[in-house]
Amino acid sequence: MSQKILLDKVNIPGIKTYEVYRANGGYASVEKALKTLTPDEVVEEVKTSGLRGRGGAGFPAGMKWSFIDKKSGKPRHLVCNADESEPGTFKDRYLMEFIPHLLIEGMITSSYALGANLSYIYIRGEYMWVYKILERAINEAKAAGFLGKNILGSGYDLELYVHCGAGAYICGEETALIESLEGKRGNPRIKPPFPAISGLWSNPTVVNNVETIAAVPWIVNNSGAEYAKIGIGRSTGTKLISASGHIKNPGVYEIELGLSVYEFMNSDEYLGGMSSDRPLKAFVPGGSSVPVLPAHLIYKTANGEDRLMSYESLSDGGFATGSMLGSGGFIVYNDTSCIVRNTWNFSRFYHHESCGQCSPCREGTGWMEKVLHRIENGHGREEDIDLLLSIQSKIEGNTICPLGDAAAWPVAAAIRHFREEFEYHIRFPEKIKNRDHFVAEPFEKVKHLVAKELI
């Protein structure tokens, strides 16, 4: 059994309430930080831990905190990014819904470390029931003296609010989130300046993911050095994984980073293997925005080493033979899945969610969706595959925020690893008219037809 840091108390009856959470050691990190540590000492503990942002980018949290402007004299803010909208990812919802006080505790301790007296949790609009749970938890914490003026007699003040978004994926990008929080349209800002210098209301601001902030109490209570002992290499600590697809045990899992992908996929403690006797075809390890990998690159890297659940191992080989851990949205496909249809579905999402500010993303995502729809519905042309590669290459790296990259990478990876499947759709349109075309006749059984066409 791997060590649990975030979910070790999640099954305790009544853990959603302040009384039960407090009786089980809750808010100890707030007491320790406010009574025995300076803000800079808390930052140093987080730095020592090696904790990396759990929202997808994987940037070291302590380093990000150290960038915040302390010289200007302006108010500082901590904003929790709870705008969990990445397809395939649902870990933050699970944390907030079932152990909300862990996030509140993390927000208080982290705000103290940053010198923030006004902080926010920005939650996606579709999570209205979770919003109500967080509001209740904040009110309980405030009634107990952990929020408001002079917390625990320390002289430190903090007000914490939950703000609902309106269902825009783009607001998961930190500067678009800040724009939305200010009451504006959620368009990403050009950086620099970065939020640590000029963020919310032009004040120094740190934006961190729910899971990142929820890990801070354990680090403060047990030390950054102890946290750094968990995991492997620069992938320290534990990670929440949202597992879905053709597996026996879908759900949210907390794993120690460094666990092998094979064990995570097949162990009864975790996913329990494939949901039927259909073979594994592909998987997406980090949410819809990261490259898909084919079966032969899932358990082993291109060099023949075991593929591990870590930032480094999943990206081994670059995008040619690797992917990314991302937000931990682990999606598994068996051989009945159509990669073309799946890629079109992802592209449809990114086209819909593009804010439209950058021309390459605004136009390119729409073109990719249209071309993929054409191929999937039997109207594809031979030149469409190279056209898709051309479009995605003109989006990647040419937008203000990473949404353009998130839309481009899945298309490039799908063609890189499953080009023959795209060719099959184009050359045999009569065979893919039924949306479940690979259920009765998986691609492995018909791929020889593509090879014959080439002869």
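Calculation criteria
- Residues numbered from 1 in each chain as written.
- Predicted model: local features only at pLDDT ≥ 70, side-chain atom pairs only at ≥ 80, totals over all residues.
- Heavy atoms only, no water.
- UniProt positions renumbered as here; feature names shortened; annotations may be inferred.
- Salt bridge = Lys/Arg side-chain N within 4 Å of Asp/Glu carboxyl O.
- Helix = DSSP H or I, 4+ residues; strand = E, 2+ residues; numbered from the N terminus.
- Buried < 20%, exposed > 50% of the residue type's maximum accessible area, 1.4 Å probe, protein only.
- Expected span 1.5 Å × (residues − 1).
- Arc of directions from axis to C-beta.
- Contact = heavy atoms within 4.5 Å.
- Pairing = 2+ DSSP bridges.
- Axes fitted to C-alpha atoms, helices over the stretch in contact; angles between N-to-C directions.
- Parallel < 35°, antiparallel > 145°, perpendicular 65-115°, else oblique.
- Left-handed = near helix turned anticlockwise from the far one by under 90°.
- Nonpolar A, V, L, I, M, F, W, Y, C, P; charged D, E, K, R; others polar.

The name recorded for the protein chain in an unreviewed UniProt entry is NADH-quinone oxidoreductase subunit F, from Flavobacterium sandaracinum. According to its UniProt record, the protein chain has this under Catalytic activity (unreviewed entry): "a quinone + NADH + 5 H(+)(in) = a quinol + NAD(+) + 4 H(+)(out)". Regarding the protein chain, the relevant UniProt record gives this comment under Function (unreviewed entry): "NDH-1 shuttles electrons from NADH, via FMN and iron-sulfur (Fe-S) centers, to quinones in the respiratory chain."

**Let's talk about the pattern of salt bridges**
Tallying each qualifying case throughout the model produces 33 salt bridges. A salt bridge links R93 to E97; its shortest N-O distance comes to 2.9 Å. With R93 and E97 both in helix 5 (residues 91-98) and four residues apart, this pair spans about one turn of that helix. As a salt-bridge pair, R419 and D386 come within 3.1 Å of each other at their nearest N and O atoms. You can see R419 sitting in helix 17 (residues 403-427) and its partner D386 sitting in helix 16 (residues 384-395), a full 33 residues away along the chain. With a relative accessible area of 46%, D386 lands in the partly exposed category. Residues joined by salt bridges that share partners form a network here, namely R54, K91, D92, E211 and K239.

**Regarding helix 7 (residues 128-143)**
Here helix 7 is 16 residues long and its end C-alpha atoms lie 23 Å apart, about the 22 Å a rise of 1.5 Å per residue gives. Turning to helix 7, its buried residues number three or more, namely V130, I133, L134, A137, I138 and A141. Taken end-on, helix 7 shows its buried residues confined to a sector of 135°, consistent with a single buried face. Turned more than 90 degrees away from the buried face of helix 7 sit K132, N139 and A143, all of them exposed. Structurally, helix 7 contributes buried residues whose contacts are with helix 5, helix 6 (100-114), strand 2 (118-123) and strand 3 (159-164). A positive backbone phi angle near 90° is found at G145, which sits one or two residues after helix 7.

**Considerations on the sheet that holds strand 11 (residues 329-334)**
On the basis of which strands lie adjacent, the open sheet formed by five strands has the order 8-7-11-9-10 and mixed pairing. Every interior strand has two partners, whereas the edge strands, strand 8 (251-256) and strand 10 (293-294), have only one. The sheet contact formed by strand 7 (residues 238-245) and strand 11 spans four bridges and is parallel. Within the sheet, the bridge partner assigned to S242 lies in strand 11 and is G329. The sheet contacts of helix 5 involve strand 7 and strand 8, and relative to strand 7 the element is tilted by about 110°.

**Comments concerning the packing of helix 2 (residues 28-36) against helix 6**
One way to put it is that helix 2 packs onto helix 6 with a least axis distance of 9 Å and a crossing angle of 15°. Judged by the inter-axis angle, helix 2 sits roughly parallel to helix 6. Seen along the crossing, helix 2 lies across helix 6 with a hand that is left-handed. Across the interface between the two elements, A28, S29, V30, A33 and L34 of helix 2 pack against E105, I108, T109 and Y112 of helix 6. Each residue belonging to the contact of helix 2 with helix 6 can be placed in one class, and the counts come to six nonpolar, two polar and one charged.

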